[in-house]
Amino acid sequence: MARLPRLALAGYPHHIIQRGNNRQPIFLDAADRELMWSLLVEHARQQQVAVHAYVLMDNHFHLLATPQEGKSLPLMMQAVGRSYVRRFNQRHGRSGTLWEGRYRSAVLQAERYLLPCMAYLDLNPVRAGLCAAAADFRWSSHGHYIGLRSDRLITPHAHYWALGNTPFARDAAYAALVQAGISASEQAALTQSGLNGWALGDDGFVQALQQLTPRRLTRARAGRPASVVPPKP
(Lines give C-alpha, C1' and ligand atoms only; values in the text may rest on other atoms or scores of the structure.)
Protein backbone atom coordinates (compact mmCIF):
# COMPACT_ATOMS: atom_id res chain seq x y z
CA MET A 1 0.00 0.00 0.00
CA ALA A 2 1.37 3.42 -0.93
CA ARG A 3 2.02 5.57 2.08
CA LEU A 4 -0.08 8.66 2.55
CA PRO A 5 1.49 12.06 2.03
CA ARG A 6 2.16 13.95 5.24
CA LEU A 7 -0.49 16.46 6.20
CA ALA A 8 0.53 19.96 7.33
CA LEU A 9 -2.24 22.49 7.89
CA ALA A 10 -1.68 26.07 9.01
CA GLY A 11 -3.22 26.99 12.34
CA TYR A 12 -3.70 23.43 13.64
CA PRO A 13 -1.57 21.70 16.28
CA HIS A 14 0.46 18.74 15.00
CA HIS A 15 1.93 15.87 17.00
CA ILE A 16 5.29 15.10 15.38
CA ILE A 17 7.50 12.02 15.87
CA GLN A 18 11.02 11.49 14.50
CA ARG A 19 12.77 8.18 15.24
CA GLY A 20 16.31 6.93 14.88
CA ASN A 21 17.07 4.38 12.18
CA ASN A 22 16.67 0.81 13.49
CA ARG A 23 15.82 2.36 16.87
CA GLN A 24 19.42 3.47 17.32
CA PRO A 25 20.14 6.38 19.68
CA ILE A 26 19.99 9.82 18.15
CA PHE A 27 21.27 11.51 21.32
CA LEU A 28 24.45 10.13 22.89
CA ASP A 29 25.01 12.83 25.49
CA ALA A 30 23.77 16.18 26.78
CA ALA A 31 25.62 18.07 24.03
CA ASP A 32 23.58 16.26 21.38
CA ARG A 33 20.35 17.24 23.05
CA GLU A 34 21.53 20.83 23.44
CA LEU A 35 22.29 20.88 19.72
CA MET A 36 18.83 19.60 18.80
CA TRP A 37 17.18 22.10 21.13
CA SER A 38 19.14 25.01 19.65
CA LEU A 39 18.31 23.93 16.08
CA LEU A 40 14.63 23.74 16.95
CA VAL A 41 14.76 27.24 18.47
CA GLU A 42 16.47 28.63 15.37
CA HIS A 43 14.35 27.00 12.69
CA ALA A 44 10.99 27.23 14.47
CA ARG A 45 11.46 30.98 14.52
CA GLN A 46 12.66 31.16 10.93
CA GLN A 47 9.76 29.10 9.62
CA GLN A 48 7.11 30.54 11.95
CA VAL A 49 6.25 27.36 13.81
CA ALA A 50 4.94 27.66 17.37
CA VAL A 51 6.35 24.77 19.41
CA HIS A 52 4.02 24.10 22.34
CA ALA A 53 5.75 21.05 23.82
CA TYR A 54 8.63 18.66 23.19
CA VAL A 55 10.52 15.72 24.62
CA LEU A 56 13.94 14.48 23.52
CA MET A 57 14.17 10.78 24.29
CA ASP A 58 17.20 8.55 23.56
CA ASN A 59 16.23 7.20 20.13
CA HIS A 60 13.41 9.55 19.10
CA PHE A 61 11.80 12.87 19.85
CA HIS A 62 8.28 14.29 19.90
CA LEU A 63 7.02 17.80 19.20
CA LEU A 64 3.63 19.43 19.55
CA ALA A 65 3.60 22.42 17.23
CA THR A 66 1.37 24.72 15.18
CA PRO A 67 2.69 25.98 11.82
CA GLN A 68 1.67 29.44 10.68
CA GLU A 69 1.72 28.31 7.05
CA GLY A 70 1.24 24.91 5.45
CA LYS A 71 4.87 24.74 4.35
CA SER A 72 6.27 25.95 7.68
CA LEU A 73 6.41 22.58 9.42
CA PRO A 74 8.06 20.53 6.64
CA LEU A 75 10.61 23.31 6.05
CA MET A 76 11.46 23.42 9.75
CA MET A 77 11.80 19.66 10.06
CA GLN A 78 13.91 19.42 6.90
CA ALA A 79 16.30 22.12 8.09
CA VAL A 80 16.58 20.69 11.61
CA GLY A 81 17.01 17.12 10.39
CA ARG A 82 19.73 17.90 7.87
CA SER A 83 21.72 20.17 10.18
CA TYR A 84 21.49 17.79 13.10
CA VAL A 85 22.62 14.71 11.14
CA ARG A 86 25.58 16.53 9.61
CA ARG A 87 26.82 17.81 12.96
CA PHE A 88 26.01 14.59 14.83
CA ASN A 89 28.01 12.58 12.28
CA GLN A 90 30.94 14.97 12.44
CA ARG A 91 30.97 14.99 16.21
CA HIS A 92 30.77 11.22 16.62
CA GLY A 93 32.88 10.19 13.62
CA ARG A 94 30.12 8.39 11.78
CA SER A 95 28.46 8.60 8.37
CA GLY A 96 25.18 7.67 6.76
CA THR A 97 21.57 8.01 7.72
CA LEU A 98 20.38 8.66 11.24
CA TRP A 99 16.60 8.88 10.84
CA GLU A 100 14.08 6.10 10.35
CA GLY A 101 12.75 7.64 7.15
CA ARG A 102 10.64 10.76 7.19
CA TYR A 103 9.14 12.23 10.32
CA ARG A 104 5.55 11.39 11.18
CA SER A 105 2.86 13.87 12.11
CA ALA A 106 -0.83 14.01 12.95
CA VAL A 107 -3.22 16.96 13.20
CA LEU A 108 -5.01 17.20 16.55
CA GLN A 109 -8.26 18.77 17.67
CA ALA A 110 -6.94 21.31 20.17
CA GLU A 111 -10.07 21.40 22.34
CA ARG A 112 -9.95 17.66 22.92
CA TYR A 113 -6.35 16.55 22.61
CA LEU A 114 -3.89 19.42 23.03
CA LEU A 115 -3.46 19.18 26.81
CA PRO A 116 -3.54 15.34 26.82
CA CYS A 117 -0.85 15.38 24.12
CA MET A 118 1.32 17.68 26.23
CA ALA A 119 0.94 15.31 29.17
CA TYR A 120 1.63 12.35 26.86
CA LEU A 121 4.96 13.91 25.86
CA ASP A 122 5.87 14.80 29.45
CA LEU A 123 5.14 11.27 30.67
CA ASN A 124 7.05 9.54 27.89
CA PRO A 125 10.33 9.42 29.91
CA VAL A 126 8.42 8.01 32.88
CA ARG A 127 6.86 5.27 30.76
CA ALA A 128 10.31 4.47 29.36
CA GLY A 129 11.83 4.16 32.83
CA LEU A 130 14.19 7.10 32.39
CA CYS A 131 12.90 8.90 35.47
CA ALA A 132 10.43 8.51 38.31
CA ALA A 133 8.49 11.71 37.61
CA ALA A 134 8.10 14.03 34.63
CA ALA A 135 9.75 16.88 36.55
CA ASP A 136 12.93 14.81 36.88
CA PHE A 137 13.57 14.73 33.12
CA ARG A 138 15.47 17.79 31.92
CA TRP A 139 14.96 17.33 28.18
CA SER A 140 11.29 18.18 27.83
CA SER A 141 9.05 21.23 28.07
CA HIS A 142 7.54 20.02 31.36
CA GLY A 143 9.86 22.14 33.49
CA HIS A 144 8.76 25.26 31.65
CA TYR A 145 5.10 24.60 32.30
CA ILE A 146 5.47 23.94 36.03
CA GLY A 147 7.65 26.98 36.67
CA LEU A 148 11.03 25.29 37.07
CA ARG A 149 12.67 27.16 34.18
CA SER A 150 11.96 29.39 31.21
CA ASP A 151 12.35 27.67 27.83
CA ARG A 152 12.90 29.89 24.77
CA LEU A 153 11.65 27.16 22.45
CA ILE A 154 8.16 27.15 23.91
CA THR A 155 5.12 29.11 22.74
CA PRO A 156 2.21 28.20 25.04
CA HIS A 157 -1.10 27.44 23.35
CA ALA A 158 -4.31 29.27 24.28
CA HIS A 159 -5.62 26.12 25.98
CA TYR A 160 -2.69 26.22 28.39
CA TRP A 161 -3.34 29.90 29.18
CA ALA A 162 -6.94 28.98 29.97
CA LEU A 163 -5.80 26.77 32.87
CA GLY A 164 -5.57 29.76 35.23
CA ASN A 165 -5.52 33.54 35.59
CA THR A 166 -2.01 33.73 37.05
CA PRO A 167 1.28 31.98 36.28
CA PHE A 168 1.12 30.18 39.63
CA ALA A 169 -2.43 28.96 38.96
CA ARG A 170 -1.49 27.71 35.50
CA ASP A 171 1.66 25.99 36.78
CA ALA A 172 -0.28 24.24 39.55
CA ALA A 173 -3.15 23.21 37.27
CA TYR A 174 -0.81 21.80 34.64
CA ALA A 175 1.30 19.95 37.23
CA ALA A 176 -1.89 18.36 38.59
CA LEU A 177 -3.00 17.42 35.08
CA VAL A 178 0.27 15.60 34.36
CA GLN A 179 0.33 13.96 37.78
CA ALA A 180 -3.17 12.61 37.15
CA GLY A 181 -1.97 11.18 33.83
CA ILE A 182 -3.97 10.37 30.74
CA SER A 183 -6.31 7.47 30.10
CA ALA A 184 -5.22 4.31 28.32
CA SER A 185 -7.56 5.18 25.45
CA GLU A 186 -6.05 8.65 25.08
CA GLN A 187 -2.54 7.21 25.14
CA ALA A 188 -3.42 4.63 22.48
CA ALA A 189 -5.16 7.23 20.30
CA LEU A 190 -2.22 9.63 20.47
CA THR A 191 0.26 6.85 19.69
CA GLN A 192 -1.67 5.41 16.76
CA SER A 193 -2.56 8.75 15.21
CA GLY A 194 1.02 9.96 15.53
CA LEU A 195 2.55 6.86 13.97
CA ASN A 196 -0.01 6.56 11.17
CA GLY A 197 -0.72 10.21 10.40
CA TRP A 198 -4.45 10.04 11.13
CA ALA A 199 -6.27 13.19 12.21
CA LEU A 200 -7.27 12.95 15.87
CA GLY A 201 -10.51 14.48 17.07
CA ASP A 202 -14.25 13.98 17.18
CA ASP A 203 -16.29 13.20 14.06
CA GLY A 204 -17.21 16.83 13.46
CA PHE A 205 -13.58 17.92 13.61
CA VAL A 206 -12.41 15.23 11.21
CA GLN A 207 -15.25 15.91 8.78
CA ALA A 208 -14.53 19.65 8.78
CA LEU A 209 -10.82 18.99 8.34
CA GLN A 210 -11.51 16.68 5.41
CA GLN A 211 -12.99 19.64 3.52
CA LEU A 212 -9.53 21.23 3.53
CA THR A 213 -7.61 18.40 1.89
CA PRO A 214 -8.11 15.50 -0.56
CA ARG A 215 -5.75 13.41 1.57
CA ARG A 216 -7.50 10.65 3.56
CA LEU A 217 -7.55 11.50 7.27
CA THR A 218 -8.74 8.26 8.87
CA ARG A 219 -8.06 4.56 8.53
CA ALA A 220 -9.92 3.03 5.60
CA ARG A 221 -12.50 0.37 6.42
CA ALA A 222 -11.39 -3.14 5.56
CA GLY A 223 -12.62 -4.35 2.18
CA ARG A 224 -13.90 -1.00 1.02
CA PRO A 225 -12.17 1.78 -0.86
CA ALA A 226 -11.51 4.96 1.07
CA SER A 227 -13.99 7.75 0.46
CA VAL A 228 -12.34 11.12 0.23
CA VAL A 229 -14.26 14.38 0.16
CA PRO A 230 -12.59 16.83 -2.23
CA PRO A 231 -11.70 20.23 -0.82
CA LYS A 232 -14.04 23.11 -1.51
CA PRO A 233 -12.84 25.53 -4.20
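Quick note: structure is the one above.
Residues numbered from 1 in each chain as written. Predicted model: local features only at pLDDT ≥ 70, side-chain atom pairs only at ≥ 80, totals over all residues. Heavy atoms only, no water.

Enquirer: Mind showing me how you'd approach the packing of helix H3 (residues 110-127) against helix H6 (residues 167-180) here?
Expert: Each pair of packed helices can be described by the angle between their axes along with the distance between the axes. Packing of H3 against H6 brings their axes to within 9 Å, and their N-to-C directions diverge by 65°. Considering the angle they form, H3 stands roughly perpendicular to H6. Here the hand of the crossing between H3 and H6 comes out right-handed. Residues Leu115, Met118, Ala119, Asp122 and Leu123 of H3 touch H6, and the partners they reach there are Tyr174, Leu177 and Val178. (Axes fitted to C-alpha atoms, helices over the stretch in contact; angles between N-to-C directions. Helix = DSSP H or I, 4+ residues; strand = E, 2+ residues; numbered from the N terminus. Parallel < 35°, antiparallel > 145°, perpendicular 65-115°, else oblique. Left-handed = near helix turned anticlockwise from the far one by under 90°. Contact = heavy atoms within 4.5 Å.)

Enquirer: Can you help me understand the nonpolar core in this one?
Expert: Here is a general trend for soluble globular proteins: nonpolar side chains tend to be buried in one another's company. Core analysis: the largest hydrophobic core is formed by 57 residues, its most contacted members being Met36, Phe61, Met76 and Tyr84. Broken down by secondary-structure element, the contributors of at least two residues to this core are helix H1 (30-47), strand S2 (49-56), strand S3 (60-67), helix H2 (72-92), H3, H6 and helix H7 (184-196). Counting residues per element, this core draws most heavily on H3, which supplies 10 residues. Residues Leu7, Ala199, Val206 and Leu217 belong to the second largest nonpolar core, which totals eight residues. (Core = buried A, V, L, I, M, F, W, Y, C linked by side-chain atoms within 4.5 Å. Buried < 20%, exposed > 50% of the residue type's maximum accessible area, 1.4 Å probe, protein only.)

Enquirer: I keep staring at H2 and nothing clicks. Help me out?
Expert: In an α-helix, one turn spans 3.6 residues; hence positions three or four apart end up facing the same way. Helix length check: H2, at 21 residues, gives a terminal C-alpha distance of 30 Å against a target of 30 Å (1.5 Å per residue), a fit within 8%. Of the surrounding elements, those touching the buried residues of H2 are strand S1 (14-19), H1, S2 and S3. Directly after H2, the chain includes Gly93, whose backbone phi takes a positive value near 60°. (Expected span 1.5 Å × (residues − 1).)

Enquirer: What is the right way to look at unusual backbone geometry in this model?
Expert: In terms of backbone geometry, most residues other than glycine have negative phi values and most peptide bonds are trans. We note that Asn22 has phi near 55°; this positive angle belongs to a residue other than glycine. Its location among the elements puts Asn22 in the loop between S1 and H1. The exposed category is assigned to Asn22, whose relative accessible area is 67%. Backbone geometry at Gln48 places phi at a positive 60°, although glycine is not the residue there. Residue position: Gln48 is located in the loop between H1 and S2.

Geometric descriptors of this kind do not, in isolation, establish any biological role.
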